[in-house]
Amino acid sequence: MQLHLLNRSVASSHVYRDALRAMSDDDYLLLIEDGVYGAVAPLVEHFSSIAGRLFALREDLESRGLEGRCAESVIVVDTEGFVQLTEETERTVSWF
Amino acid sequence: MNNADSTTALLVVLRHAPHGSSWLREGLDVALVGAAFGQTVDLLFLGDGVQALIKGQQQGPLGQKGTHPTLDMLAMYDIETLLVDVESLAQRGLTEADLQLPVTLITASQLPHLFAQHTPVFNF
Amino acid sequence: MRYALLVQGAPYSHQAAHSALRFASALIDRGHRLETVFFYHDGIYNAQRLATPPQDEPHLIEAWQRLHHEQGTALLVCVAAALKRGVIDERESQRHGKQGHSLAASFELTGVGQLIEAAMTHDRLVTFSP
């Protein structure tokens, strides 16, 4: 089981497609940095195939003014939660 | 989690095209050093990374080295497994005949297994 | 658990170093050990001795040095990536006939082999890229 990190906005980079294609059925995806722009409707629809396994980093949402606009389907975690996700998964793969 | 089918091979994923940035070169360096350290190294060309394999590349006009000579050295380092994502080729109008080295084509359903089975994975 | 970080973004250009430092402090707070940070690609600029951010911005180079002093974290900088970008220690500077050196204290130049080793020997490796 792996944790994938994505730091690019789905509006400007196609790398999210390769990340999704590389994910196994039980893998998690955490949006960080500019990746969190993808946590907001309608962009979040690009992640409909991994519902329940999509996370976004609270600090990066807050600093971008997005915390109140984040889609309900996204699980918001702070950096401590980010560390917890790396504990629960065997490995982290970063997409940029 | 069942690890019975895991390999201890290192996977280096190359996702950037040559010349435009140093990601491809520096990713290949990690692969070569891994092999020199006695690790089994598999290379996966994904996204724009498939452009690394295209025939007819040259050095840049200021003498920038490019990465095509490094690809020819891979066999010397016992890096034999060059995996290429079929979909990335198709998206870019490429086929296996356009590539400078023999490769193993990877289909969409094989891709997640590659990531799950290798340890560690370096994604460049 | 024993953690290693791979940092590939230049400070003050991309968020990678900020994200990595925040992650570092959170993992330590949760009782883990941050044993190694490896700087590669443009991440090697995190080791610039002369970096002088304005006072109202975080001093990222000093933040890395604090990790080294307080946690014993090894700050490893890829020598090949660093030298061509002008980050050089005293020894390499003399060897190449240069004047002055630019590698900050507590950082050390090392080979990519150390990154491979970190990936093999630590429980977790987390990469922060530009």
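Residues numbered from 1 in each chain as written. Chains lettered and ligands numbered in written order. Predicted model: local features only at pLDDT ≥ 70, side-chain atom pairs only at ≥ 80, totals over all residues.

Draft legend 1. Just the overall build of chain A, in detail. For chain A, the helix and strand inventory stands at three helices and five strands. N-terminal to C-terminal, the α/β element order of chain A is β-α-β-β-α-β-α-β. The C-alpha radius of gyration computed for chain A amounts to 12 Å, which stays within 12% of the reference 12 Å derived for 96 residues, consistent with globular compactness. For chain A, the C-alpha atoms occupy an extent of roughly 30 × 30 × 20 Å along the three principal directions. Put simply, chain A has 96 residues, and 47% of those count as buried. Sequence-distant contacts in chain A: of pairs separated by 6 or more residues, those separated by 24 or more amount to 64%. (Helix = DSSP H or I, 4+ residues; strand = E, 2+ residues; numbered from the N terminus. Rg over C-alpha atoms; globule rule 2.2 N^0.38 Å. Buried ≥ 20, exposed ≤ 12 C-beta atoms within 10 Å, placed from the backbone. Contact = placed C-beta atoms within 7 Å.)

Draft legend 2. Seen up close, the overall build of chain C. Scanning chain C from N- to C-terminus turns up five helices and five strands. Counting from the amino terminus, helix and strand elements in chain C follow one another as β-α-β-α-β-α-α-β-α-β. For 130 residues, the compact-globule formula gives about 14 Å, and the C-alpha radius of gyration of chain C, at 14 Å, lands near that figure. Considered along the principal axes of its C-alpha atoms, chain C spans approximately 45 × 40 × 25 Å. Once local pairs closer than 6 in sequence are excluded, the contacts in chain C between residues at least 24 apart make up 77%.

Draft legend 3. Structural detail: the environment of Gly100(C). All names here are of chain C. Mapped onto the elements of the fold, Gly100 is located in the loop between helix H4 (90-95) and strand S4 (107-110). For Gly100, a count of 9 C-beta atoms within 10 Å gives the class exposed. Note: C-alpha distance between Gly100 and Tyr12 (88 residues apart in sequence) is 24 Å.

Draft legend 4. Representation of the pairing of strand S1 (residues 2-7) of chain C within the structure. All names here are of chain C. Of all the six residues making up S1, five are buried; the element is thus mostly covered by neighbouring parts of the structure. One ladder, built from six bridges, connects S1 with strand S2 (residues 33-39); its direction is parallel. Each bridged residue has a counterpart across the sheet, and for Val7 the counterpart in S2 is Phe39. Handedness of the β-α-β unit built from S1, helix H1 (residues 16-29) and S2 comes out right-handed. When S1 meets strand S5 (residues 124-128), the two strands line up parallel, connected through five bridges. Opposite Ala4, over in S5, you have Leu125 as the bridge partner. (Pairing = 2+ DSSP bridges. Right-handed = clockwise from strand over helix to strand, strands pointing away.)

Draft legend 5. Local environment of the interface of chain A and chain C. Contact residues are listed per partner, giving twelve residues for chain A and 14 residues for chain C. If you list the elements that add at least two residues to the side of chain A that touches chain C, you get helix H3 (79-88) and strand S5 (91-95) of chain A. The element contributing the most residues to the side of chain A that touches chain C is H3(A), with six residues. Class assignment for the residues of the side of chain A that touches chain C results in four nonpolar, four polar and four charged. (Nonpolar A, V, L, I, M, F, W, Y, C, P; charged D, E, K, R; others polar.)

Draft legend 6. Main features of the sheet that holds strand S3 (residues 81-85) of chain B. Residues and elements named next belong to chain B. Spatially, the five strands line up as an open sheet ordered S4-S3-S2-S1-S5, and their pairing is parallel. Strands at the two margins of the open sheet, each flanked by one partner only, are strand S4 (104-106) and strand S5 (121-123). Neighbouring strand axes in the sheet, compared pairwise and without regard to direction, differ in orientation by 25° on average. Bridge count between strand S2 (residues 41-45) and S3: four bridges; the pairing is parallel. In the strand pairing of S3, Leu44 is matched with Leu83. Where helix H1 (residues 23-36) meets the sheet, its contacts fall on strand S1 (10-14), S2 and S5, and the angle it forms with S1 comes to roughly 165°. (Axes fitted to C-alpha atoms, helices over the stretch in contact; angles between N-to-C directions.)

Draft legend 7. Seen up close, the interface of chain C and chain B. With eleven residues of chain C in contact, the opposing surface of chain B contributes nine residues. At the level of elements, helix H3 (79-84) and helix H5 (113-121) of chain C are the ones that each hand at least two residues to the side of chain C that touches chain B. When the residues that make up the side of chain C that touches chain B are grouped by side-chain class, the tally is eight nonpolar, three polar and no charged.

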